[in-house]
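Inside the fold
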Amino acid sequence: MNKFLEQAPEELAKALFDLGAVNVNLSNYYKLGSGDMSPLYCDARLLYSNTKARVFVISRSLFWVNSFFEEVDAVVGVASGGIGWAMSLANNKDKPLLYARRDPKDHGLCNQIEGELPKDGAKVVVIDDVITTGQSALSVCEALRRGKNGKRAEVLGVFTVFDWDFTIVNKQFEDAGIPKTRLLTLDMLVRYGIENNRLSAEDERQIGIFYQQHCG
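Residue indices begin from 1 for each chain and proceed along its sequence in written order. Residues qualify for local features only when their pLDDT is at least 70, as the model is predicted, and side-chain atom pairs are given and counted only at 80 or more; totals for whole chains, interfaces and linings, by contrast, use all residues. Hydrogens and water are ignored here; the side-chain numbers use all heavy atoms of the structure.

**Quick look at the overall build of the protein chain**
Each helix corresponds to a stretch of at least 4 residues labelled H or I by DSSP, and each strand to a stretch of at least 2 residues labelled E; elements are numbered beginning at the N terminus. Tallying secondary structure elements over the protein chain gives eight helices and 10 strands in all. By the compact-globule yardstick of 17 Å for 216 residues, the protein chain fits well, its C-alpha radius of gyration being 17 Å. Oriented by its inertia axes, the alpha-carbon framework of the protein chain measures out at about 55 × 35 × 30 Å. Only protein chains enter the accessibility calculation, which uses a 1.4 Å probe; a residue is then buried when its area is under 20% of its type maximum, exposed when over 50%, and partly exposed in between. For the protein chain, with 216 residues in total, the buried portion stands at 47%. A contact between two residues is defined here by any heavy atoms of the two lying within 4.5 Å. Looking at the protein chain alone, contacts between residues at least 24 apart form 65% of all its contacts between residues at least 6 apart. What sets the accessible areas is the Shrake-Rupley method with a 1.4 Å probe; for residues, cover comes only from the shown protein chains. A total accessible area of about 10500 Å² is found for the protein chain, and carbon and sulfur atoms account for 46% of it. Residues scored as positive are Lys and Arg, those scored as negative are Asp and Glu, and His as well as the terminal groups of each chain are ignored. One atom stands in for each charge, and that atom is NZ of Lys, CZ of Arg, CG of Asp or CD of Glu. Treating the 25 positive side-chain charges of the protein chain as one cloud and the 28 negative ones as another, the clouds have centres 4 Å apart. In this treatment the radius of gyration is a C-alpha quantity, and the globule benchmark scales as 2.2 Å times the residue count to the 0.38 power.

Shown next, in the form of C-alpha cells:
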C-alpha cells in the first residue's frame, strides 16, 4: 500500500471516535447488517457529516484510482453507504456514476444495478463504506460482471473506508480476482482506541474474541 494511504488509519480512527461513530456495548451486542451480534458497531456514515473527514476519505479514494488504474470508465457505489463516496469520486474523475444493491429490487423494474454502463467491457471501480462479510460488495461485483442491458463490466477493484478484515472474507475477494483496498481495519481502529484511552482492555478482549470467531 502506498505511503499516502498508509497515513489514513490514525486520522480516520480519530475522526470516527470523535464523531461518536465507534460504539461498544459489552452487555448488549449490536446486530450487524450480516446478522452477526458484535460488541462493536462502527457507523462510518457519520463521516459524511464532517467536512474534514469527508475530504480526507475523498482524497484517498481519488489517489487510489489515479495511482493504480490507468483507465476507469465508471464508478459504482454499493447501496447505500458507498453511494456518497462513489458520487464524489465520479464527480472528481468526471465519470458516470452507478450504484447497486446486494440483491435486485422486488418491485418496479427489479434492478440490482441502477444507472447504465457506458459500454460493454467498461472498466469500473466499486466503492463501499464498510465491509463486514463482504457479501454486498461481492454480489455487486458479480452483478456488474454479468452486466445489464447487454453491457458487462470489468471490475478493477473495490475501495472501502472501514474493513473488518476477516481472513475468510479476504480469501473470497482473492478467489473472485477482485483487489480490495481499505483505509482502516478493525485491528487499526482498536489499536488506536487502546493507545488513546478510547477503549478499555476488556473492550479489546471481547472485540478480539468476536473477530477470531468470524475469521473462518
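**Some words on the pairing of strand β9 (residues 153-163)**
Along β9, 10 of the 11 residues are buried, which leaves the element largely enclosed by surrounding structure. If DSSP finds at least two bridges between two strands, the strands pair. Looking at chain direction, β9 and strand β10 (residues 180-185) are connected through five bridges and run parallel. When the sheet's bridge partners are listed, Val 158 is paired in β10 with Lys 180. Convention used here: a crossover is right-handed provided that the path from the first strand, over the helix, to the second strand proceeds clockwise when the strands point away from the viewer. Between the parallel elements β9 and β10, the chain passes through helix α6 (residues 167-176) in a crossover that is right-handed.

**Brief notes about the packing of aromatic side chains**
Note on aromatic pairs: each is described by the distance of the centres and the angle between the planes. Here the aromatic set is Phe, Tyr and Trp, taking the six-membered ring for Trp, and pairing holds for ring centres within 6.5 Å; pairs whose planes are under 30 degrees apart are stacked, those over 60 apart are edge-to-face, and all others are tilted. Evaluation of the coordinates by the stated rule reveals 10 aromatic pairs. Here Phe 17 and Tyr 192 contribute two aromatic rings whose centre-to-centre distance is 5.9 Å and whose plane-to-plane angle is 35 degrees, an arrangement assigned as tilted. Separated by 175 residues along the polypeptide, Phe 17 in helix α2 (residues 8-18) and Tyr 192 in helix α7 (residues 186-195) bring together distant segments of the chain. We classify Tyr 192 as buried; its relative accessible area is 8%. When the centroid spacing of 5.9 Å and the interplanar angle of 65 degrees are considered together, the rings of Phe 162 and Trp 164 count as edge-to-face. For the pair formed by Phe 162 and Trp 164, the shared burial category is buried. Connected via pairs of aromatic rings, a cluster forms that spans Phe 162, Trp 164, Phe 166, Phe 210 and Tyr 211. In this structure, Lys 180 packs its charged tip against the face of Phe 173, placed 5.4 Å from the ring centre. A ring has a charge above it when a Lys NZ or an Arg CZ is no more than 6 Å from the ring centre and no more than 35 degrees off the ring normal.

**Looking at the sheet that holds strand β5 (residues 74-78)**
Spatially, β7-β6-β5-β8-β9-β10 is the arrangement adopted by the six strands of the open sheet, whose pairing is mixed. Both edges of this open sheet fall to β7 (113-114) and β10, since each of them pairs with a single strand only. Each axis is a line fitted through C-alpha atoms, and for a helix only the stretch in contact is used; angles between axes span 0 to 180 degrees, taken between their N-to-C directions. With respect to the sheet, helix α4 (residues 83-93) is in contact with β5, β6 (97-100), β8 (122-131) and β9, its orientation differing from that of β5 by roughly 165 degrees. Together, β9 and β10 form the strand contacts of α7, whose direction differs from that of β10 by roughly 15 degrees.

**Comments concerning the pattern of salt bridges**
Salt bridge, as used here: a side-chain nitrogen of Lys or Arg that lies within 4 Å of a carboxyl oxygen of Asp or Glu. Throughout the structure, instances matching the rule amount to 14 salt bridges. A salt bridge links Lys 119 to Glu 71, with the shortest nitrogen-to-oxygen separation between them at 3.8 Å. Residue Lys 119 is located in the loop between β7 and β8, and its partner Glu 71 is located in the loop between α3 (51-68) and β5; the two are separated by 48 residues in the primary sequence. The exposure class of Lys 119 is partly exposed, given its relative accessible area of 38%.

**Details of the packing of α3 against α4**
Where α3 meets α4, the closest approach of the two axes is 10 Å, and the angle between their N-to-C directions is 55 degrees. By the angle between their directions, the pair α3 and α4 is classed as oblique. In this structure, α3 meets α4 at a crossing whose hand is right-handed. Between α3, through Arg 54, Val 57, Ile 58, Ser 61, Leu 62, Val 65 and Asn 66, and α4, the contact on the second element is made entirely by Trp 85, Ser 88, Leu 89, Asn 92 and Lys 93. Amino acids are sorted into nonpolar (Ala, Val, Leu, Ile, Met, Phe, Trp, Tyr, Cys and Pro), charged (Asp, Glu, Lys and Arg) and polar (every other residue, Gly among them). Across the contact of α3 with α4, the residue classes break down as six nonpolar, four polar and two charged. By definition in this entry, angles of less than 35 degrees are roughly parallel, angles greater than 145 are roughly antiparallel, angles of 65 to 115 are roughly perpendicular, and the rest are oblique. The hand of a helix crossing depends on one turn: near helix anticlockwise from the far one by less than a right angle means left-handed, and clockwise means right-handed.

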